[in-house]
Amino acid sequence: MNKKTTGVVLSWFFLTFVKTSGMRIDIITLFPELLQSPFEVSIIKRARENKSVDIHFHQLRDYSTNNYKQVDDYPYGGGAGMVLKVEPIEKCISQLQSQRAYDAVIYMTPDGEQLTQPLANSLSLFTNMIVLCGHYKGVDQRVRDHLITHEISIGDFVLSGGELAAAVLCDAIVATEHGTTEAACSDGLNIEFGKNYF
């Protein structure tokens, strides 16, 4: 068995036997409809169907603290533009964390850590994750200071919101976690963990 094949087998063994429970991803967003279609095709669809990944969308407005479903406000401490308020975000995250333990609470932001394959490899080993999609000028700084464990960017550019970035992140994680195992079980055994899959 050559070195490349050995790496594939070890990766398959780790993903199959060490990480025994399915992955759950909870996405907090203002626009869940933007995210539904990408998760209904290809590898992510198969992963959801075989219960190896469970993806849930949470409408942030459902956690608003007023009757107008308002979730934005001026930045805490002053500044231009509007940001997502801390209260509905904290309420949503706290409710989720009361139901299960989470390995990561991820905020999609242009100034976060660049998404790379090694980072996707690491995240694919987690069991439960929360992904927060920013909007407007971002989120209240207190969210980043006290609620977020990882800040991730898909590139040095600005989008209208974090939904498409979250879709890219989740696709990379699920393709790594599910696709690598799937490929390792095929007759080719011609990929390494997180390398040359696409």
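Residues numbered from 1 in each chain as written. Predicted model: local features only at pLDDT ≥ 70, side-chain atom pairs only at ≥ 80, totals over all residues. Heavy atoms only, no water.

With that out of the way, let us pick up the overall build of the protein. Within the protein one finds seven helices and seven strands. Seen in sequence order, the protein has helices and strands lined up from the N terminus as α-β-α-α-β-β-β-α-β-α-β-α-β-α. In the protein, which comprises 198 residues, the proportion classed as buried is 46%. Pairs at least 24 residues apart make up 78% of the contacts formed inside the protein by residues separated by at least 6 positions. (Helix = DSSP H or I, 4+ residues; strand = E, 2+ residues; numbered from the N terminus. Buried < 20%, exposed > 50% of the residue type's maximum accessible area, 1.4 Å probe, protein only. Contact = heavy atoms within 4.5 Å.)

On to the environment of alanine 165, then. When you line up the elements, alanine 165 lands in helix H7 (residues 163–184). In this structure alanine 165 comes out as buried when scored by relative accessible area, which is 7%. Between the C-alpha atom of alanine 165 and that of glycine 134, which follows or precedes it by 31 residues, the distance is 9.8 Å. Non-local contacts of alanine 165, meaning those with residues more than four positions away in its chain, are made with Met108, Ile154 and Leu159.

On the surface, Phe157, Leu159 and Leu164 cluster together into a nonpolar patch covering about 270 Å² of accessible area. Within the secondary structure, phenylalanine 157 sits in the loop between strand S7 (150–153) and H7. (Patch = residues over 30% accessible without salt bridge, like charges linked within 9 Å, V, L, I, M, F, W, Y side chains within 5 Å. Areas by Shrake-Rupley, 256 points an atom, 1.4 Å probe, with all protein chains shown as cover. Salt bridge = Lys/Arg side-chain N within 4 Å of Asp/Glu carboxyl O.)

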